[in-house]
Amino acid sequence: MDLIDSTEKLQAACDRLRQHPFVTVDTEFLRETTFYSKLCLIQLASPDEAILVDPLAADLDLAPFFALMADEAVVKVFHSARQDVEIIWQKGEVIPCPLFDTQVAAMVCGYGDSVSYEQLANDIAKARIDKSSRFTDWSHRPLSEHQLAYALSDVTHLRTLYLALAEELARTGRASWVEEEMAVLTSPATYEMKPENAWMRLRGRVKKTRDLAVLMEVAAWREQEAQTRDVPRSRVMKDDSLIDIATHAPRSAEALGHLRSVPNGFERSRGGTDVLAAIERGLARDPRTIPSLEKPRGKANNGAVLEMLKVLLKAVAENERVAPKILATVDDLEAIAASDHADVPSLRGWRYELFGERAIALKRGQLALSIERGRVVTFER
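The present account deals with the structure reproduced in this document. (Residues numbered from 1 in each chain as written. Predicted model: local features only at pLDDT ≥ 70, side-chain atom pairs only at ≥ 80, totals over all residues. Heavy atoms only, no water.)

1. Examining the packing of aromatic side chains
Stage number 1. All chains considered together, the criterion is met by 7 aromatic pairs.
Stage number 2. Between Phe-65 and Phe-66, the ring centres sit 5.6 Å apart and the planes meet at 55 degrees, which makes this aromatic pair tilted.
Stage number 3. Here Phe-66 falls in the buried class, since its relative accessible area comes to 13%.
Stage number 4. Judged by centre distance (4.2 Å) and plane angle (10 degrees), the rings of Trp-177 and Trp-350 are stacked. Of the two residues, Trp-177 is situated in helix H7 (residues 175-185) and Trp-350 in helix H16 (residues 349-363); the sequence distance between them amounts to 173 residues. With respect to burial, Trp-177 and Trp-350 carry one shared label: buried.
Stage number 5. Feature note: the residues Phe-22, Phe-100 and Tyr-162 constitute an aromatic cluster, connected by ring pairs. (Phe/Tyr/Trp six-rings, centres within 6.5 Å; stacked < 30°, edge-to-face > 60°. Buried < 20%, exposed > 50% of the residue type's maximum accessible area, 1.4 Å probe, protein only. Helix = DSSP H or I, 4+ residues; strand = E, 2+ residues; numbered from the N terminus.)

2. Digging into the nonpolar core
Stage number 1. Grouped together as the largest cluster of nonpolar side chains are 93 residues, with contacts concentrated most on Leu-44, Phe-65 and Phe-355.
Stage number 2. With 10 residues, helix H6 (residues 145-172) is the largest single contributor of residues to this core.
Stage number 3. Once you skip the residues sitting within four places of it in the chain, Phe-355 turns out to touch Leu-309, Leu-312, Leu-313, Val-316, Leu-327, Ala-328, Leu-333, Ile-336 and Ser-346.
Stage number 4. One finds Ala-198, Ala-219, Ile-279 and Ile-290 within the second-largest nonpolar core, a separate group that totals 31 residues. (Core = buried A, V, L, I, M, F, W, Y, C linked by side-chain atoms within 4.5 Å. Contact = heavy atoms within 4.5 Å.)

3. Considering the pattern of salt bridges
Stage number 1. Tallied over the full model, the rule gives 28 salt bridges.
Stage number 2. The shortest N-O distance in the salt bridge between Arg-351 and Glu-180 comes to 4.0 Å. Taken as a pair, Arg-351 in helix H16 and Glu-180 in helix H7 lie far apart in primary sequence, 171 residues in all.
Stage number 3. Arg-351 sits in the buried class, given a relative accessible area of 8%.
Stage number 4. Here Arg-222 ties to Asp-239 by a salt bridge, and the two come within 2.8 Å at their closest N and O atoms. With a gap of 17 residues between them, Arg-222 in helix H8 (residues 209-229) and Asp-239 in helix H10 (residues 239-248) connect regions that are remote in the sequence.
Stage number 5. Since its relative accessible area comes to 25%, Asp-239 is described here as partly exposed.
Stage number 6. Through salt bridges that share partners, Glu-225, Arg-229, Arg-270 and Asp-274 make up one connected network. (Salt bridge = Lys/Arg side-chain N within 4 Å of Asp/Glu carboxyl O.)

4. Some points on helix H2 (residues 63-70)
Residue pairs three or four apart in sequence face the same way in an α-helix, which turns once every 3.6 residues.
Stage number 1. Along H2, the residues that are buried comprise Pro-64, Phe-65, Phe-66, Leu-68 and Met-69.
Stage number 2. For H2, the elements touching its buried residues are helix H1 (7-17), strand S2 (22-30), strand S3 (38-46), strand S5 (75-78) and helix H3 (82-92).

5. Considerations on the sheet that holds S5
Stage number 1. Taken in spatial order, the 6 strands make up an open sheet running S1-S4-S3-S2-S5-S6, and their pairing is mixed. Each edge of the sheet is formed by a strand with only one pairing partner; in this case those strands are strand S1 (3-4) and strand S6 (99-101).
Stage number 2. Taken together, the 2 bridges between S1 and strand S4 (residues 49-53) define a ladder with parallel strand orientation. Counted as the bridge partner of Ile-4 is Val-53 from S4.
Stage number 3. Of the strands in this sheet, S1, S2, S3 and S4 touch H1, which is tilted by about 150 degrees from S4.
Stage number 4. The sheet contacts of H6 involve S1, S2, S3, S4, S5 and S6, and relative to S2 the element is tilted by about 140 degrees. (Pairing = 2+ DSSP bridges. Axes fitted to C-alpha atoms, helices over the stretch in contact; angles between N-to-C directions.)

6. A few points about the pairing of strand S7 (residues 367-372)
Stage number 1. One ladder, built from 6 bridges, connects S7 with strand S8 (residues 375-380); its direction is antiparallel. When the bridges of S8 are listed, Ser-370 appears paired with Val-377.
Stage number 2. The loop that links S7 with its antiparallel partner S8 comprises 2 residues; one of these, Arg-373, has a positive phi angle of about 55 degrees.

7. A look at the layout of surface pockets
Stage number 1. Approximately 680 Å³ is the volume found for the largest pocket.
Stage number 2. Forming the walls of the largest pocket are 23 residues, and the residues nearest its centre are Asp-26, Thr-27, Glu-28, Gln-83 and Arg-134.
Stage number 3. Counting residues per element, the lining of the largest pocket draws most heavily on S2, which supplies 5 residues.
Stage number 4. The residue inventory of the lining of the largest pocket, partitioned by class, reads 7 nonpolar, 7 polar and 9 charged. (1 Å grid on protein atoms, 1.4 Å probe; cavity = no way out; pocket = protein on both sides within 12 Å on 5 of 7 lines; lining within 4 Å. Points joined across faces, edges and corners; volume = space filled by probe spheres on them. Nonpolar A, V, L, I, M, F, W, Y, C, P; charged D, E, K, R; others polar.)

8. Some points on the environment of Glu-28
Stage number 1. Summarising the element assignment, Glu-28 is placed in strand S2.
Stage number 2. Considering only alpha carbons, one finds Glu-28 and Lys-38, 10 residues apart in sequence, at a separation of 8.7 Å.
Stage number 3. With near-sequence residues (within four places) excluded, Glu-28 lies in contact with Lys-38, Leu-39, Cys-40, Leu-41, Gln-43, Trp-138 and Asp-154.
Stage number 4. Reaching out from Glu-28, the side chain makes a polar contact with the side chain of Trp-138 at a distance of 3.4 Å. (Polar contact = N/O pair within 3.5 Å; in protein donor to acceptor, adjacent residues only side chain to side chain.)

9. Description of the pairing of S3
Stage number 1. Most of S3 is tucked away, with 8 of its 9 residues classed as buried.
Stage number 2. Pairing of S2 with S3, which is carried by 7 bridges, proceeds in the antiparallel orientation. Each bridged residue has a counterpart across the sheet, and for Phe-29 the counterpart in S3 is Leu-39.
Stage number 3. Pairing of S3 with S4, which is carried by 5 bridges, proceeds in the antiparallel orientation. In the strand pairing of S4, Ser-46 is matched with Glu-49.

Rendered as structure tokens:
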């Protein structure tokens, strides 16, 4: 079981793969010590062959692989595609398209929320995946035959999953639902990590507008620093330290040094100077440019409405054989409980036809819930 380690071999393999209507794809990478993922292995399979590519090989240019990912005549099949697509975008500035995510398709076909590859392979392909190599250091060379076999299984069983799920989607007329979801996964905006948006990961941990203003600036500094140095965010500054700084807003090196969560001596470093400057920018922000920390408030009985919507969601999901999570999240339900015109996916497209329209009808008293033979059912009033 050889690794492709030259551009010539990779070009020949990609030329063969693109002769087929689809190719299954997976990647192995490390991210423990870097900001950007380190691509360590690429697995590819067509209906009649499977290959492993060594992106760490000195004589290998990945251009043929990126060209295959951009070939619109070939469907690229992934399971839980987001991280794989992100690293392909980062390394080659290419978004695999057209794209098919078997995890999303499985949710549409009623296999449950965020179903794992192992479970899906067991349910559809009747295959058992050996998980013992899951936490392999994929940057280590040479890789053992056992590790290579494990990696290859991530794309060989994926062929069976794709064909079965595509057939089910065609039978049920739900292929367009998956295509709608793929539009998000194939948008470059999905993978942009703009420093100015870094605060969003932590917004729930501050309670005051001033604290959020400081957090926005300090989080942007950390994100830029982590990207520039290619190190994990926590190597620059831990989340707890960011929150501590945002809530106390120290305005001098001495005050910064007194914060228990800030490493000793940090206040005297270049980073300390940069953080103090970020704090000043946050404090100087126009309050009108700072997002609201409060969720929209609706009627006093929103809690009861939310619980009714949860029951409706579960009933619709069971009846339609689709995973609840793909129809609506808890945040979606909270927004719908507060407003009939909430800007959420559940009130658009196929989700509206399946669930959103009924949710609004339930709120307006035009739909009722009942129990028949142990199951929740809906009926118009």
